[in-house]
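Below are the chains, spelled out letter by letter.
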Amino acid sequence: MRIVVTRPLPLEGLFPLDGYEVVQHRFSPGAPEEDQLIDIAQGADALITLLSDPVTDRVLRACPDVKVVAQYAVGYDNIDVAAARARGVVVTNTPGVLTEATADMAFALLLAAARQIAPADRYVRDGKFSRWEADLMLGAELNGGAIGIVGLGRIGAAMARRAIGFGMRVCYCNRSRANPSVEQKLGARFLSLDALLETSDVISLHCNLNASSRGLIGREAFARMKPSAILVNTARGAVVDEEALAEALRNRTIRAAGLDVFEREPAVHPGLLDLDNVVLAPHLGSATRATRLKMAEMCAEAVRAVLEGARRIPYRVA
Ligand code: DGY
């Protein structure tokens, strides 16, 4: 049995695959194209993929031996799940384990955007700090403000917990209303998206990317937000219309943004690059050593279960 891992992952995490042939591939910089993926996946019984790998119907058709695609991420919008299902290919992901790391990153971006940490750092390095001034780089106060969580799943709830610790009130919108016990624990108010956009001081995105969330935060949404609003996106870039975001930040329709994900990742809209009121990170949500190790382990466990014909496949999404 041959398992192809599309990028180098923490090898120690792949111990459940001891005894199998594991091929770790290294693409040249940039996201792989379908053809490259097809090329390296030839003869593979299992694939361990990254969120930048286009696992399309064409790729699956060209690799008929593949029985399982184990995604090294919780989001799997890069995988044509319907095509996998139709071909009897199991798809798994890595839920739960990256919740706290991703919420940490979202909160780090929020604090950086609210208190201008990146421009402040540049200011000091550029030798511009000549004296303390009462009006130097005044930021937004989080305490007492409202955070609007778009998508109150595991990561959204973890972000809400952090916000509560900083004295914020929580509201949320979701496809369906959360369990009353979850609402109660977070003191979270269920709102429509429009009401959330209009009343929140911080809007943090934690929804999946799908047909209904693609471009959800566009010109109309920015027009509803407070001019003091801060947008944080650690979900998927394409939930936000980046052109509209660049315009809203430039015109101060909103105050600031913190982005870990981009609409056409790894490309970033050029209109964002020279703005001081946006802080940018290269998709680091789950990037802690402990989390990445556990993610590798979960992929390996799922692959092993499929290849051994286990009745219960862990972390299965299709
Ligand atoms: C995921 O797992 O979907 C995250 O985006 C990785 O950081």
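The structure displayed is predicted, hence computed values, not measured ones.

Novice: How should the sheet that holds strand β3 (residues 46-49) be read in this particular structure?
Specialist: Adjacent strands of a sheet form backbone hydrogen bonds with each other and so pair up, either parallel or antiparallel. The five strands are arranged β2-β1-β3-β4-β5 in an open sheet whose pairing can be described as parallel. In the strand order of this sheet, the two ends are held by β2 (21-24) and β5 (90-92), each with one partner. Between one strand and the next, the sheet's axes are offset by a mean angle of 15°, whatever the strand orientation. Bridge analysis of strand β1 (residues 2-5) against β2 gives four bridges, and the strand direction is parallel. Residue pairing for β2: Val4 is matched across the bridge by Val23.

Novice: Is there a simple way to explain the sheet that holds strand β8 (residues 189-190) in this structure?
Specialist: Ordered by their spatial adjacency, seven strands build an open sheet running β8-β7-β6-β9-β10-β11-β12, and the pairing between neighbours is parallel. With partners counted over all chains shown, the strands left at the sheet margins are β8 and β12 (278-280), one partner each. Contacts between helix α6 (residues 154-165) and the sheet are confined to β6 (146-150), β7 (169-173) and β9 (202-205), with β6 contributing the most and set at about 175° to the helix. Sheet contacts for helix α10 (residues 242-250): β10 (230-233), β11 (256-259) and β12; angle to β11, the most-contacted strand, approximately 140°.

Novice: How should I be thinking about unusual backbone geometry in this particular structure?
Specialist: Note on backbone geometry: most residues besides glycine have negative phi, and most peptide bonds are trans. Cis geometry is adopted by the peptide bond preceding Pro266, which originates at Glu265 and carries an omega value of 5°. On the secondary structure map, Pro266 appears in the loop between β11 and α11 (270-273). Residues other than glycine seldom take positive phi values, yet Arg252 does so here, at roughly 60°. For Arg252, the position within the fold is in the loop between α10 and β11. What makes Arg252 exposed here is its relative accessible area of 52%. Even without glycine at this site, Tyr315 takes up a positive phi of about 60°.

Novice: Sorry, what's going on with the pattern of salt bridges here?
Specialist: A pair can form between side chains of opposite charge whenever their charged atoms are brought close. Enumeration over the complete set of coordinates arrives at 21 salt bridges. Between Arg177 and Glu183 there is a salt bridge, with the nearest N and O atoms lying 2.7 Å from each other. Among the residues examined, Glu183 registers a relative accessible area of 12% and is labelled buried. Measuring nitrogen to oxygen at the nearest pair gives 3.8 Å for the salt bridge that ties Arg224 to Glu220. Taken together, the residues Arg224 and Glu220, both in helix α9 (residues 219-224) and four residues apart, mark about one turn of the helix. Via salt bridges that share partners, Glu100, Asp104, Arg161 and Arg162 belong to a single interconnected network.

Novice: Just checking my understanding: could you explain the packing of helix α4 (residues 99-114) against α6 for this structure?
Specialist: What describes two packed helices is the angle between their axes and the distance between those same axes. Between α4 and α6, the least distance of the axes is 8 Å, while the angle of their chain directions is 50°. In terms of axis orientation, α4 runs oblique to α6. Viewed along their axes, α4 and α6 form a crossing whose handedness is right-handed. Between α4, through Thr99, Glu100, Thr102, Ala103, Asp104, Ala106, Phe107 and Leu110, and α6, the contact on the second element is made entirely by Arg154, Ile155, Ala158, Met159, Arg161, Arg162 and Ala163. A per-class count over the contact of α4 with α6 returns eight nonpolar, two polar and five charged.

Novice: Quick question: what am I supposed to make of the site of the ligand here?
Specialist: Taken together, the neighbourhood of the ligand is formed by Leu51, Ala73, Val74, Gly75, Leu98, Arg236, His283 and Ser286. Here an oxygen atom of the ligand and a side-chain polar atom of Ser286 are 3.1 Å apart. Protein chains bury 94% of the 230 Å² of accessible surface belonging to the ligand in isolation. Class assignment of the residues belonging to the shell around the ligand gives a composition of four nonpolar, three polar and one charged.

Novice: How should the domain arrangement of the chain be read in this particular structure?
Specialist: Note on interface size: it is often stated as the accessible area lost on association of the parts. Split by domain assignment, the chain resolves into domain 1 (2-95 + 288-307) and domain 2 (99-280). Averaged C-alpha coordinates put domain 1 and domain 2 at centres separated by 31 Å. Between domain 1 and domain 2, the residue contacts involve seven residues of the former and six residues of the latter. It is Leu51, Asp77 and Pro95 in domain 1 that bury the most area against domain 2; as a group they hold 60% of the surface buried on that side. Taken together, domain 1 and domain 2 are joined by one salt bridge. In this structure, the salt-bridge partner of Arg236 is Asp77, at a minimum N-O distance of 2.9 Å. The tally of links between domain 1 and domain 2 comes to one residue pair in polar contact (both at pLDDT 80 or more). Its residues assigned to classes, the side of domain 1 that touches domain 2 shows three nonpolar, three polar and one charged.

What counts, and where the lines are drawn
Residues numbered from 1 in each chain as written. Predicted model: local features only at pLDDT ≥ 70, side-chain atom pairs only at ≥ 80, totals over all residues. Heavy atoms only, no water. Pairing = 2+ DSSP bridges. Helix = DSSP H or I, 4+ residues; strand = E, 2+ residues; numbered from the N terminus. Axes fitted to C-alpha atoms, helices over the stretch in contact; angles between N-to-C directions. Contact = heavy atoms within 4.5 Å. Buried < 20%, exposed > 50% of the residue type's maximum accessible area, 1.4 Å probe, protein only. Salt bridge = Lys/Arg side-chain N within 4 Å of Asp/Glu carboxyl O. Parallel < 35°, antiparallel > 145°, perpendicular 65-115°, else oblique. Left-handed = near helix turned anticlockwise from the far one by under 90°. Nonpolar A, V, L, I, M, F, W, Y, C, P; charged D, E, K, R; others polar. Near = heavy atom within 4 Å. Polar contact = N/O pair within 3.5 Å; in protein donor to acceptor, adjacent residues only side chain to side chain. Areas by Shrake-Rupley, 256 points an atom, 1.4 Å probe, with all protein chains shown as cover. Domains from an automatic or database assignment. Buried area = accessible area lost by both parts, 1.4 Å probe.

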